[in-house]
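Below, each chain spelled out in residue letters.
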Amino acid sequence: MFDIDKILSQNDNKRQITLTTIVGRQGVGKTTYILSELVRNMLLTKGVLIYDYSSEAKYQTIPLILLKDLKRWNSKGIYRIYDPDPLKVFKAIRADVRNCFLICEDAKSYMNPNLQSEIAEVLGIRRQLGIDIVCNFWALENVPPVVLTYSNFITIFKTRDKLEKIEKLDKIPNTEDVVKVWQAVQKHSNQYYKLTISTNG
Ligand SMILES: Nc1ncnc2c1ncn2[C@@H]1O[C@H](COP(=O)(O)OP(=O)(O)OP(=O)(O)O)[C@@H](O)[C@H]1O
Ligand SMILES: [Mg+2]
């Protein structure tokens, strides 16, 4: 298993730029994990932007940044984008943001199964932009195929996925390993348990 926290706290020149997909049903601790563990490690090397589409209560103390101010951001510290138009948000990120972490909270709300090109482009050229991306979803079956294809890591909490559907996820090179990890998490006694797997993306 991977210690994703350790990987993300390394400088970019020592590692590849990553896309990490987090899946877990409501209340399993995704946001808590992002805020208390991931963000702390991220801030050791680069700034953090959170796209807080659903205005999550736990993020309310994080300062807001307006899209028009992104180009002047020095990629230090942590800021929150709160904007109802995801395509505008991703266009602005594509144009004005470099070298940071981007956390896409509650991504199912704005990433369609047929992923919008404005969003797919940012995911696809994250290495050129220097943007490490973390997206979270409630279930593997909600993750758009393009996001699975681009993912380097999947962090799996307990989900309401159906085994038969996960076994058919053909966008991941190592689906069998993902199924094993998902099953190990599902049967674990701790409701907040999670494991991270590399998907060779
Ligand atoms: N590892 C943990 N141990 C104990 N309690 C935890 C842990 N992680 C989270 N919690 C508690 O569980 C509750 C839900 O956590 P959180 O909001 O992070 O879940 P979530 O997966 O982001 O849910 P949602 O999908 O609804 O956004 C919170 O009250 C949090 O304090
Ligand atoms: Mg949450």
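Here, the structure is the one placed above.
Below is a short write-up of the structure. (Residues numbered from 1 in each chain as written. Chains lettered and ligands numbered in written order. Predicted model: local features only at pLDDT ≥ 70, side-chain atom pairs only at ≥ 80, totals over all residues. Heavy atoms only, no water.)

## So, the overall build of the protein chain
Stated formally: We count a stretch as a helix when DSSP gives it H or I for four or more residues in a row; a strand needs E for two or more, and each element gets its number in order from the N terminus. Note on method: radius of gyration uses C-alpha positions; expected globular size equals 2.2 Å times residues raised to 0.38. Residue exposure (1.4 Å probe, protein chains only): buried if accessible area is under 20% of the type maximum, exposed if over 50%, otherwise partly exposed. Only the protein chains shown count as covering a residue, and every accessible area follows the Shrake-Rupley method with a 1.4 Å probe. The convention is simple: Lys and Arg are positive, Asp and Glu are negative, and His and the chain ends are not counted. Charge positions come from single atoms, namely NZ of Lys, CZ of Arg, CG of Asp or CD of Glu.
From N to C terminus, the protein chain includes eight helices and seven strands. Against the 2.2 N^0.38 benchmark of 17 Å for 201 residues, the protein chain shows a C-alpha radius of gyration of 16 Å, consistent with a compact globule. Projected onto its principal axes, the C-alpha positions of the protein chain cover 45 × 35 × 30 Å. Of all 201 residues assigned to the protein chain, the portion counted as buried reaches 53%. Counting only carbon and sulfur atoms, one obtains 49% of the accessible surface of the protein chain, whose full area is about 9,700 Å². Of note, the protein chain has its 29 positive side-chain charges centred 3 Å away from the centre of its 22 negative side-chain charges.

## Topic: the site of ligand 1
The following threshold applies: Throughout, near means a residue has at least one heavy atom within 4 Å of the molecule or strand. Here a polar contact means two N or O atoms within 3.5 Å. Within protein one must be a hydrogen donor candidate and the other an acceptor candidate, and residues neighboring in sequence count only if both atoms are side-chain atoms. Amino acids outside the nonpolar list (Ala, Val, Leu, Ile, Met, Phe, Trp, Tyr, Cys, Pro) and the charged list (Asp, Glu, Lys, Arg) are all regarded as polar, and Gly is one of them.
Around ligand 1 sit Arg25, Gln26, Gly27, Val28, Gly29, Lys30, Thr31, Thr32, Glu56, Lys58, Trp138 and Tyr192, and that is every residue in its neighbourhood. The contact in question runs from an oxygen atom of ligand 1 to an N or O atom on the side chain of Thr32, over 2.5 Å. Lys58 places a polar side-chain atom, nitrogen or oxygen, 2.9 Å from an oxygen atom of ligand 1. Protein contact buries 60% of the 640 Å² of open area that ligand 1 shows by itself. Its residues assigned to classes, the shell around ligand 1 shows three nonpolar, five polar and four charged.

## Points about the packing of aromatic side chains
Aromatic rings in a pair are described by how distant their centres are and how their planes are angled relative to each other. To keep it simple, the criterion reads: Each pair of aromatic rings taken from Phe, Tyr and Trp, with Trp reduced to its six-membered ring, is defined by centres within 6.5 Å and is described as stacked if the planes are under 30 degrees apart, edge-to-face if over 60, and tilted in the remaining cases. We call a charge positioned over a ring when the NZ of a Lys or the CZ of an Arg lies within 6 Å of the ring centre and within 35 degrees of the ring normal.
Using the criterion set out here, one finds seven aromatic pairs in the structure. Note on Tyr51 and Phe90: the rings are 6.2 Å apart at their centroids and 75° apart in plane angle, and the pair reads as edge-to-face. Of this pair, Tyr51 sits in strand S2 (residues 47-51) while Phe90 sits in helix H3 (residues 86-96), and the two are 39 residues apart along the sequence. Of the two residues, Tyr51 and Phe90, both sit in the buried class. Between Tyr51 and Tyr110 the ring centres are 4.8 Å apart and the planes differ by 50°, which places this aromatic pair in the tilted class. Within this pair, whereas Tyr51 is found in strand S2, its partner Tyr110 is found in the loop between strand S4 (100-104) and helix H4 (117-124), the two being separated by 59 residues in sequence. For the pair formed by Tyr51 and Tyr110, the shared burial category is buried. Among the aromatic residues, those joined into a ring-pair cluster are Tyr51, Tyr53, Phe90 and Tyr110. Lying across the ring of Phe101, Lys46 places its NZ or CZ 4.8 Å from the centre.

## Describing the side chain of Asp132
Summarising the element assignment, Asp132 is placed in strand S5 (residues 131-137). Only 2.8 Å separates the side chain of Asp132 from the side chain of Arg15, close enough to count as a polar contact. A polar atom in the side chain of Asp132 sits 2.7 Å from the backbone nitrogen of Thr18.

## With respect to the environment of Ile50
Here is the rule we go by: Every residue pair with non-hydrogen atoms within 4.5 Å of one another is taken to be in contact.
Secondary-structure assignment places Ile50 in strand S2. Ile50 sits in the buried class, given a relative accessible area of 0%. With residues near it in sequence (within four places) discarded, Ile50 still touches Tyr59, Ile62, Ile78, Tyr79, Arg80, Ile81, Ile103 and Glu105.

## Comments concerning unusual backbone geometry
Residues apart from glycine generally show negative phi values, whereas peptide bonds are mostly found in trans. Look at Ser75: it is not a glycine, yet its phi comes out positive at around 60°. Looking at the element boundaries, Ser75 is found in the loop between S2 and strand S3 (78-81). Backbone geometry places Asp106, a non-glycine residue, at a positive phi of 50°. In this structure, Asp106 sits in the loop between S4 and H4. Relative accessible area serves as the criterion here: at 19%, Asp106 is assigned to the buried category.

## Details of the environment of Ser189
Mapped onto the elements of the fold, Ser189 is located in the loop between helix H8 (175-186) and strand S7 (195-198). Between the alpha carbons of Ser189 and Thr61 there is a distance of 32 Å; along the sequence they are 128 residues apart.

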